[in-house]
Amino acid sequence: MHRSLVTRCTGTKPSAQSRYAGLASITLIAIALITAPAWGGGKLTPYDLINKAAESSPITVHQLRGGVSMLEGSGGNIGVLEQPGGVLMVDAGIAVSEARIKAALQDLGPAPLKTVILTHWHWDHSDGDAWVRRAGATLIADPRAIQRLRETNRIVEWGHTFTPISAESLPNEAVAGDRSLPFGTETALIRHYGAGHTDGDLSVYFKRADILQTGDTFWNGVYPFIDYVTGGSIDGAVDAANENLRLARQTSVIIPGHGPVGNYKSLVAFRDMLVNVRAKVAKLKARGMSLKDVQRARPTASLDAVWGQSVIDGELFTALVYRGVAMPKPKPNR
(Lines give C-alpha, C1' and ligand atoms only; values in the text may rest on other atoms or scores of the structure.)
Protein backbone atom coordinates (compact mmCIF):
# COMPACT_ATOMS: atom_id res chain seq x y z
CA MET A 1 0.00 0.00 0.00
CA HIS A 2 1.30 3.48 -0.93
CA ARG A 3 0.78 5.01 2.51
CA SER A 4 2.19 8.41 1.59
CA LEU A 5 -0.32 8.68 -1.23
CA VAL A 6 -3.43 6.80 -0.10
CA THR A 7 -5.55 6.55 3.04
CA ARG A 8 -8.48 4.21 3.48
CA CYS A 9 -11.90 4.32 5.16
CA THR A 10 -14.55 1.58 5.16
CA GLY A 11 -18.31 1.45 5.55
CA THR A 12 -21.30 3.23 3.98
CA LYS A 13 -22.06 5.41 7.00
CA PRO A 14 -19.45 8.18 7.30
CA SER A 15 -17.89 8.48 10.74
CA ALA A 16 -16.92 11.83 12.20
CA GLN A 17 -13.40 11.18 10.87
CA SER A 18 -14.54 10.35 7.34
CA ARG A 19 -16.97 13.29 7.29
CA TYR A 20 -14.07 15.55 8.22
CA ALA A 21 -12.06 14.00 5.41
CA GLY A 22 -15.03 14.58 3.12
CA LEU A 23 -14.95 18.33 3.70
CA ALA A 24 -11.27 18.87 4.43
CA SER A 25 -9.98 19.32 0.89
CA ILE A 26 -12.68 21.79 -0.17
CA THR A 27 -12.39 23.63 3.15
CA LEU A 28 -8.65 24.08 2.60
CA ILE A 29 -9.43 25.45 -0.86
CA ALA A 30 -12.04 27.80 0.65
CA ILE A 31 -9.47 29.18 3.09
CA ALA A 32 -7.07 29.71 0.21
CA LEU A 33 -9.70 31.55 -1.81
CA ILE A 34 -10.66 33.79 1.11
CA THR A 35 -7.11 34.68 2.12
CA ALA A 36 -5.60 35.00 -1.36
CA PRO A 37 -5.29 38.50 -2.85
CA ALA A 38 -7.34 39.37 -5.92
CA TRP A 39 -5.85 37.63 -8.92
CA GLY A 40 -4.13 39.44 -11.71
CA GLY A 41 -0.54 40.57 -12.02
CA GLY A 42 0.73 37.05 -11.50
CA LYS A 43 -1.42 36.26 -8.45
CA LEU A 44 -2.86 32.76 -8.11
CA THR A 45 -6.44 32.32 -9.29
CA PRO A 46 -9.01 30.02 -7.63
CA TYR A 47 -8.29 27.54 -10.44
CA ASP A 48 -4.57 27.68 -9.58
CA LEU A 49 -5.25 27.27 -5.87
CA ILE A 50 -7.52 24.25 -6.40
CA ASN A 51 -4.87 22.61 -8.56
CA LYS A 52 -2.23 23.44 -5.95
CA ALA A 53 -4.34 21.78 -3.25
CA ALA A 54 -4.73 18.70 -5.46
CA GLU A 55 -0.94 18.47 -5.91
CA SER A 56 -0.42 17.74 -2.22
CA SER A 57 -3.72 16.18 -1.10
CA PRO A 58 -3.62 12.42 -0.38
CA ILE A 59 -6.27 10.27 -2.01
CA THR A 60 -8.67 8.91 0.60
CA VAL A 61 -10.35 5.64 -0.38
CA HIS A 62 -13.83 5.15 1.07
CA GLN A 63 -14.76 1.51 0.52
CA LEU A 64 -18.54 1.37 0.35
CA ARG A 65 -20.19 -1.92 -0.70
CA GLY A 66 -20.62 -4.23 -3.66
CA GLY A 67 -17.09 -3.54 -4.91
CA VAL A 68 -17.75 0.22 -5.13
CA SER A 69 -15.45 2.80 -3.52
CA MET A 70 -15.20 6.58 -3.49
CA LEU A 71 -11.85 8.29 -4.01
CA GLU A 72 -11.47 11.73 -2.54
CA GLY A 73 -8.71 14.31 -2.76
CA SER A 74 -8.49 15.27 -6.45
CA GLY A 75 -11.11 17.94 -6.99
CA GLY A 76 -14.46 16.16 -7.32
CA ASN A 77 -15.17 12.75 -5.85
CA ILE A 78 -14.36 9.72 -8.00
CA GLY A 79 -16.37 6.49 -8.00
CA VAL A 80 -14.64 3.15 -8.57
CA LEU A 81 -16.22 -0.23 -9.35
CA GLU A 82 -13.83 -3.18 -8.99
CA GLN A 83 -14.60 -6.35 -10.92
CA PRO A 84 -12.31 -9.34 -11.62
CA GLY A 85 -11.95 -8.41 -15.29
CA GLY A 86 -11.45 -4.69 -14.90
CA VAL A 87 -12.20 -1.40 -13.19
CA LEU A 88 -14.85 1.17 -14.03
CA MET A 89 -14.26 4.70 -12.79
CA VAL A 90 -16.73 7.60 -12.62
CA ASP A 91 -14.90 10.91 -13.16
CA ALA A 92 -11.16 11.31 -13.61
CA GLY A 93 -10.12 14.01 -11.15
CA ILE A 94 -7.41 16.62 -11.68
CA ALA A 95 -4.39 15.66 -13.79
CA VAL A 96 -1.82 16.52 -11.11
CA SER A 97 -3.27 13.68 -8.99
CA GLU A 98 -2.55 11.01 -11.61
CA ALA A 99 0.09 9.15 -9.60
CA ARG A 100 -2.00 9.15 -6.42
CA ILE A 101 -5.17 8.02 -8.19
CA LYS A 102 -3.25 5.19 -9.87
CA ALA A 103 -1.81 4.20 -6.47
CA ALA A 104 -5.31 4.11 -5.00
CA LEU A 105 -6.56 1.92 -7.84
CA GLN A 106 -3.58 -0.41 -7.42
CA ASP A 107 -4.27 -0.63 -3.71
CA LEU A 108 -7.85 -1.69 -4.42
CA GLY A 109 -6.80 -4.50 -6.75
CA PRO A 110 -4.76 -5.56 -9.78
CA ALA A 111 -7.51 -5.33 -12.43
CA PRO A 112 -6.84 -2.83 -15.25
CA LEU A 113 -8.82 0.35 -15.80
CA LYS A 114 -11.32 -0.40 -18.56
CA THR A 115 -14.01 2.29 -18.56
CA VAL A 116 -14.38 5.86 -17.27
CA ILE A 117 -17.65 7.80 -17.26
CA LEU A 118 -17.59 11.59 -16.88
CA THR A 119 -20.47 13.18 -14.96
CA HIS A 120 -19.76 16.55 -16.68
CA TRP A 121 -17.00 18.57 -18.34
CA HIS A 122 -15.55 20.59 -15.41
CA TRP A 123 -11.80 20.14 -15.03
CA ASP A 124 -11.95 19.03 -11.40
CA HIS A 125 -13.84 15.97 -12.67
CA SER A 126 -12.36 15.52 -16.16
CA ASP A 127 -8.79 16.83 -16.15
CA GLY A 128 -7.47 13.26 -15.90
CA ASP A 129 -8.86 12.51 -19.37
CA ALA A 130 -5.42 12.38 -20.99
CA TRP A 131 -3.92 9.72 -18.72
CA VAL A 132 -7.18 7.73 -18.79
CA ARG A 133 -7.05 7.61 -22.58
CA ARG A 134 -3.32 6.75 -22.53
CA ALA A 135 -4.17 3.84 -20.23
CA GLY A 136 -6.41 2.47 -22.98
CA ALA A 137 -9.71 2.97 -21.13
CA THR A 138 -12.95 3.84 -22.90
CA LEU A 139 -13.95 7.36 -21.88
CA ILE A 140 -17.70 8.08 -21.94
CA ALA A 141 -19.48 11.44 -21.67
CA ASP A 142 -22.61 13.32 -22.68
CA PRO A 143 -22.24 14.85 -26.17
CA ARG A 144 -22.67 18.35 -24.72
CA ALA A 145 -19.87 17.73 -22.22
CA ILE A 146 -17.62 16.61 -25.09
CA GLN A 147 -18.53 19.77 -26.99
CA ARG A 148 -17.62 21.91 -23.95
CA LEU A 149 -14.22 20.19 -23.79
CA ARG A 150 -13.69 21.21 -27.42
CA GLU A 151 -14.54 24.87 -26.71
CA THR A 152 -13.00 27.87 -25.02
CA ASN A 153 -15.00 28.73 -21.89
CA ARG A 154 -14.25 31.58 -19.49
CA ILE A 155 -15.45 30.78 -15.94
CA VAL A 156 -15.08 34.08 -14.11
CA GLU A 157 -15.63 32.63 -10.62
CA TRP A 158 -12.58 30.37 -11.08
CA GLY A 159 -10.50 33.10 -12.71
CA HIS A 160 -9.67 30.83 -15.62
CA THR A 161 -10.27 30.43 -19.34
CA PHE A 162 -10.56 26.76 -20.26
CA THR A 163 -9.19 26.08 -23.74
CA PRO A 164 -9.96 23.05 -25.94
CA ILE A 165 -8.26 19.84 -24.85
CA SER A 166 -6.33 17.72 -27.33
CA ALA A 167 -8.24 15.37 -29.62
CA GLU A 168 -6.47 12.32 -28.18
CA SER A 169 -7.64 13.32 -24.66
CA LEU A 170 -11.31 13.74 -25.57
CA PRO A 171 -13.90 11.13 -24.58
CA ASN A 172 -14.05 8.53 -27.33
CA GLU A 173 -17.65 7.47 -26.71
CA ALA A 174 -20.65 9.79 -26.52
CA VAL A 175 -23.77 8.62 -24.73
CA ALA A 176 -26.71 10.64 -26.04
CA GLY A 177 -29.47 8.67 -24.30
CA ASP A 178 -29.81 6.74 -21.08
CA ARG A 179 -27.85 3.49 -21.09
CA SER A 180 -27.59 0.28 -19.11
CA LEU A 181 -23.92 -0.74 -19.05
CA PRO A 182 -23.17 -4.31 -17.83
CA PHE A 183 -19.79 -4.49 -16.12
CA GLY A 184 -18.83 -7.81 -14.59
CA THR A 185 -21.58 -8.83 -12.17
CA GLU A 186 -22.74 -5.21 -11.76
CA THR A 187 -24.82 -2.96 -14.02
CA ALA A 188 -24.15 0.77 -14.26
CA LEU A 189 -27.23 2.77 -15.24
CA ILE A 190 -26.15 5.98 -16.99
CA ARG A 191 -28.86 8.63 -16.99
CA HIS A 192 -29.09 12.20 -18.21
CA TYR A 193 -30.29 15.22 -16.29
CA GLY A 194 -31.75 18.24 -17.99
CA ALA A 195 -29.50 21.30 -17.85
CA GLY A 196 -28.77 21.80 -14.15
CA HIS A 197 -25.20 22.23 -12.90
CA THR A 198 -24.13 22.34 -16.57
CA ASP A 199 -25.94 21.30 -19.76
CA GLY A 200 -24.16 17.93 -19.99
CA ASP A 201 -24.65 16.29 -16.58
CA LEU A 202 -24.88 12.52 -16.08
CA SER A 203 -25.62 10.28 -13.10
CA VAL A 204 -24.40 6.71 -12.65
CA TYR A 205 -26.36 4.21 -10.56
CA PHE A 206 -24.74 0.92 -9.58
CA LYS A 207 -27.78 -1.32 -9.53
CA ARG A 208 -26.69 -4.27 -7.36
CA ALA A 209 -24.78 -2.12 -4.90
CA ASP A 210 -27.60 0.48 -4.76
CA ILE A 211 -25.13 3.35 -5.05
CA LEU A 212 -25.94 6.56 -6.94
CA GLN A 213 -23.19 8.92 -8.13
CA THR A 214 -24.55 12.35 -8.92
CA GLY A 215 -21.64 14.47 -10.09
CA ASP A 216 -22.08 18.12 -9.14
CA THR A 217 -25.87 18.03 -9.11
CA PHE A 218 -25.37 17.23 -5.39
CA TRP A 219 -22.83 18.82 -3.03
CA ASN A 220 -23.20 17.17 0.35
CA GLY A 221 -23.42 19.73 3.16
CA VAL A 222 -22.11 22.73 1.20
CA TYR A 223 -23.48 25.32 -1.23
CA PRO A 224 -22.92 24.26 -4.85
CA PHE A 225 -21.42 26.08 -7.80
CA ILE A 226 -23.78 26.66 -10.74
CA ASP A 227 -22.18 27.12 -14.15
CA TYR A 228 -24.36 29.55 -16.09
CA VAL A 229 -21.75 29.88 -18.85
CA THR A 230 -22.28 26.28 -19.96
CA GLY A 231 -26.01 25.87 -19.40
CA GLY A 232 -26.54 25.63 -15.64
CA SER A 233 -29.17 27.53 -13.64
CA ILE A 234 -30.73 27.58 -10.20
CA ASP A 235 -34.01 26.25 -11.57
CA GLY A 236 -32.14 23.48 -13.35
CA ALA A 237 -30.23 22.73 -10.15
CA VAL A 238 -33.52 22.33 -8.28
CA ASP A 239 -34.85 20.06 -11.04
CA ALA A 240 -31.70 17.93 -10.85
CA ALA A 241 -31.99 17.70 -7.06
CA ASN A 242 -35.55 16.45 -7.45
CA GLU A 243 -34.39 13.99 -10.10
CA ASN A 244 -31.84 12.60 -7.64
CA LEU A 245 -34.66 11.97 -5.18
CA ARG A 246 -36.52 10.10 -7.91
CA LEU A 247 -33.45 8.04 -8.87
CA ALA A 248 -32.36 7.13 -5.33
CA ARG A 249 -33.96 4.79 -2.83
CA GLN A 250 -34.27 5.25 0.91
CA THR A 251 -31.50 2.63 1.18
CA SER A 252 -29.17 4.14 -1.43
CA VAL A 253 -25.63 5.26 -0.75
CA ILE A 254 -24.87 8.54 -2.53
CA ILE A 255 -21.52 9.61 -3.97
CA PRO A 256 -21.78 13.41 -4.28
CA GLY A 257 -19.74 15.63 -6.54
CA HIS A 258 -18.18 17.20 -3.44
CA GLY A 259 -18.38 16.45 0.26
CA PRO A 260 -18.71 13.21 2.22
CA VAL A 261 -20.63 10.07 1.28
CA GLY A 262 -24.36 10.79 1.54
CA ASN A 263 -27.75 9.14 1.81
CA TYR A 264 -31.35 9.84 0.87
CA LYS A 265 -31.82 12.27 3.77
CA SER A 266 -28.84 14.32 2.68
CA LEU A 267 -30.35 14.56 -0.84
CA VAL A 268 -33.57 15.89 0.70
CA ALA A 269 -31.68 18.43 2.81
CA PHE A 270 -29.78 19.68 -0.25
CA ARG A 271 -32.95 20.04 -2.34
CA ASP A 272 -34.73 21.86 0.48
CA MET A 273 -31.80 24.27 0.88
CA LEU A 274 -31.86 25.11 -2.84
CA VAL A 275 -35.62 25.74 -2.79
CA ASN A 276 -35.35 27.82 0.39
CA VAL A 277 -32.59 30.10 -0.90
CA ARG A 278 -34.19 30.47 -4.31
CA ALA A 279 -37.50 31.56 -2.77
CA LYS A 280 -35.82 34.13 -0.51
CA VAL A 281 -33.69 35.60 -3.28
CA ALA A 282 -36.63 35.69 -5.72
CA LYS A 283 -38.74 37.58 -3.18
CA LEU A 284 -36.05 40.23 -2.72
CA LYS A 285 -35.32 40.52 -6.44
CA ALA A 286 -39.04 40.94 -7.12
CA ARG A 287 -38.90 44.12 -5.02
CA GLY A 288 -36.42 45.52 -7.55
CA MET A 289 -33.40 45.08 -5.28
CA SER A 290 -29.95 45.00 -6.88
CA LEU A 291 -27.57 42.10 -6.35
CA LYS A 292 -25.56 44.13 -3.83
CA ASP A 293 -28.73 45.01 -1.91
CA VAL A 294 -29.83 41.38 -1.86
CA GLN A 295 -26.40 40.27 -0.65
CA ARG A 296 -26.52 42.89 2.12
CA ALA A 297 -29.92 41.48 3.17
CA ARG A 298 -28.19 38.08 3.71
CA PRO A 299 -30.95 35.72 2.57
CA THR A 300 -28.70 32.75 3.42
CA ALA A 301 -27.90 33.93 6.98
CA SER A 302 -29.83 31.13 8.71
CA LEU A 303 -28.12 28.50 6.53
CA ASP A 304 -24.53 29.71 6.32
CA ALA A 305 -23.32 28.00 9.50
CA VAL A 306 -24.16 24.63 7.92
CA TRP A 307 -23.89 25.16 4.17
CA GLY A 308 -21.47 28.07 3.80
CA GLN A 309 -18.27 26.60 5.19
CA SER A 310 -16.56 25.69 1.94
CA VAL A 311 -15.64 26.96 -1.52
CA ILE A 312 -19.00 28.67 -2.12
CA ASP A 313 -19.95 30.96 0.73
CA GLY A 314 -23.36 32.55 1.30
CA GLU A 315 -22.51 35.75 -0.54
CA LEU A 316 -21.32 33.97 -3.69
CA PHE A 317 -24.20 31.50 -3.63
CA THR A 318 -26.65 34.41 -3.33
CA ALA A 319 -25.08 35.89 -6.48
CA LEU A 320 -25.39 32.57 -8.31
CA VAL A 321 -29.06 32.24 -7.38
CA TYR A 322 -29.82 35.92 -8.14
CA ARG A 323 -28.39 35.50 -11.63
CA GLY A 324 -30.92 32.78 -12.44
CA VAL A 325 -34.05 34.30 -10.93
CA ALA A 326 -36.05 36.29 -13.49
CA MET A 327 -37.08 39.84 -12.69
CA PRO A 328 -40.88 40.17 -12.60
CA LYS A 329 -42.37 41.74 -15.70
CA PRO A 330 -43.75 45.23 -15.13
CA LYS A 331 -47.54 45.38 -15.03
CA PRO A 332 -49.05 47.13 -18.06
CA ASN A 333 -50.64 50.54 -17.48
CA ARG A 334 -54.38 50.41 -17.56
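Quick look at the structure, then.

Criteria and thresholds
Residues numbered from 1 in each chain as written. Predicted model: local features only at pLDDT ≥ 70, side-chain atom pairs only at ≥ 80, totals over all residues. Heavy atoms only, no water. Pairing = 2+ DSSP bridges. Helix = DSSP H or I, 4+ residues; strand = E, 2+ residues; numbered from the N terminus. Axes fitted to C-alpha atoms, helices over the stretch in contact; angles between N-to-C directions. Contact = heavy atoms within 4.5 Å. Buried < 20%, exposed > 50% of the residue type's maximum accessible area, 1.4 Å probe, protein only. Core = buried A, V, L, I, M, F, W, Y, C linked by side-chain atoms within 4.5 Å. Polar contact = N/O pair within 3.5 Å; in protein donor to acceptor, adjacent residues only side chain to side chain. Salt bridge = Lys/Arg side-chain N within 4 Å of Asp/Glu carboxyl O. Parallel < 35°, antiparallel > 145°, perpendicular 65-115°, else oblique. Left-handed = near helix turned anticlockwise from the far one by under 90°. Nonpolar A, V, L, I, M, F, W, Y, C, P; charged D, E, K, R; others polar. Phe/Tyr/Trp six-rings, centres within 6.5 Å; stacked < 30°, edge-to-face > 60°. Lys NZ or Arg CZ within 6 Å of the ring centre and 35° of its normal.

Another aspect to go through is the sheet that holds strand S14 (residues 211-219). Spatially, five strands are ordered S11-S12-S13-S14-S15 in an open sheet, and the strand pairing comes out mixed. Either end of the sheet is taken by a strand with one partner, and the two such strands are strand S11 (179-183) and strand S15 (253-258). The mean inter-strand angle of the sheet, taken between neighbouring strand axes irrespective of direction, is 25°. Two strands pair when backbone bridges link them, and strand S12 (residues 186-192) and strand S13 (residues 202-206) are joined in this way by five bridges, in the antiparallel orientation. Counted as the bridge partner of His192 is Leu202 from S13. Strands S14 and S15 of the sheet are contacted by helix H8 (residues 264-286), whose axis makes an angle of about 20° with S14.

Looking now at unusual backbone geometry. The backbone of Asp91 sits at a positive phi, close to 75°, despite the residue not being glycine. When you line up the elements, Asp91 lands in the loop between strand S5 (86-90) and helix H3 (98-108). In this model, Asp210 sits at a positive phi of 60°, which is unusual for a non-glycine residue. Note on placement: Asp210 falls in the loop between S13 and S14. Using a relative accessible area of 7% as the deciding quantity, one classes Asp210 as buried.

Counting residues in hydrophobic clusters, the biggest one holds 71 residues, and the most contacted among them are Leu71, Met89, Val116, Val132, Met273, Leu274 and Phe317. No other element matches H8, which puts nine residues into this core. Setting aside its immediate chain neighbours within four residues, Leu274 contacts Pro224, Ile234, Ala237, Val238, Ala241 and Phe317.

Right, let's talk about the side chain of Arg100 for a bit. Its location among the elements puts Arg100 in helix H3. In terms of polar contacts, Arg100 uses its side chain to reach the backbone carbonyl oxygen of Glu55, at 2.7 Å.

We now examine the pattern of salt bridges. A full pass over the atoms with the stated rule returns 12 salt bridges. In this structure, the salt-bridge partner of Asp235 is Arg278, at a minimum N-O distance of 2.5 Å. With Asp235 in helix H7 (residues 234-247) and Arg278 in helix H8, the pair connects residues that are 43 residues apart, well separated along the chain. Linking Arg246 and Glu243 is a salt bridge whose minimum nitrogen-to-oxygen distance equals 2.7 Å. Remark: Glu243 and Arg246 occur in helix H7; sequence separation between them is three residues, near one turn of the helix. Arg246 sits in the exposed class, given a relative accessible area of 57%. Residues joined by salt bridges that share partners form a network here, namely Glu98, Lys102 and Arg134.

Turning our attention to the packing of H7 against H8. Axis separation between H7 and H8 bottoms out at 9 Å; the angle between their running directions is 155°. If you check the angle between H7 and H8, you find them roughly antiparallel. Here H7 runs over H8; the crossing is left-handed. Where H7 approaches H8, its residues Ile234, Asp235, Ala237, Val238, Ala241, Asn242, Asn244 and Leu245 are matched on the opposing element by Tyr264, Leu267, Val268, Phe270, Arg271, Leu274, Val275 and Arg278. Looking at the contact of H7 with H8 residue by residue, the classes come out as 11 nonpolar, two polar and three charged.

With that out of the way, let us pick up the packing of aromatic side chains. Considering all chains together, one arrives at nine aromatic pairs under this definition. Taking the centre distance of 5.2 Å and the plane angle of 55° together, the rings of Trp158 and Phe225 count as tilted. Here Phe225 lies in the loop between S14 and H7 and Trp158 lies in the loop between strand S8 (153-155) and strand S9 (160-162), a separation of 67 residues in the sequence. Each member of the pair Trp158 and Phe225 is classed as buried. A cation over an aromatic ring shows up here: Lys285 above the ring of Tyr322, its NZ or CZ 4.2 Å from the ring centre.

So, about the pairing of strand S4 (residues 78-83). One face of the sheet, then the other: side chains in a regular strand alternate in exactly this way. With five of six residues buried, S4 is to be regarded as a mostly interior element. Sheet topology note: the strand S3 (residues 68-72)/S4 ladder contains four bridges and is antiparallel. Among the inter-strand pairings, Val68 is bridged to a residue of S4, identified as Leu81. Linking S3 to S4, which pair antiparallel, is a turn of five residues; within it Gly73 sits at a positive phi near 130°. Sheet analysis places S4 next to S5, joined by five bridges and oriented antiparallel. Bridging from a neighbouring strand, Gly79 pairs with Val90 of S5. Where S4 folds back onto S5 in an antiparallel hairpin, the turn is made up of two residues.

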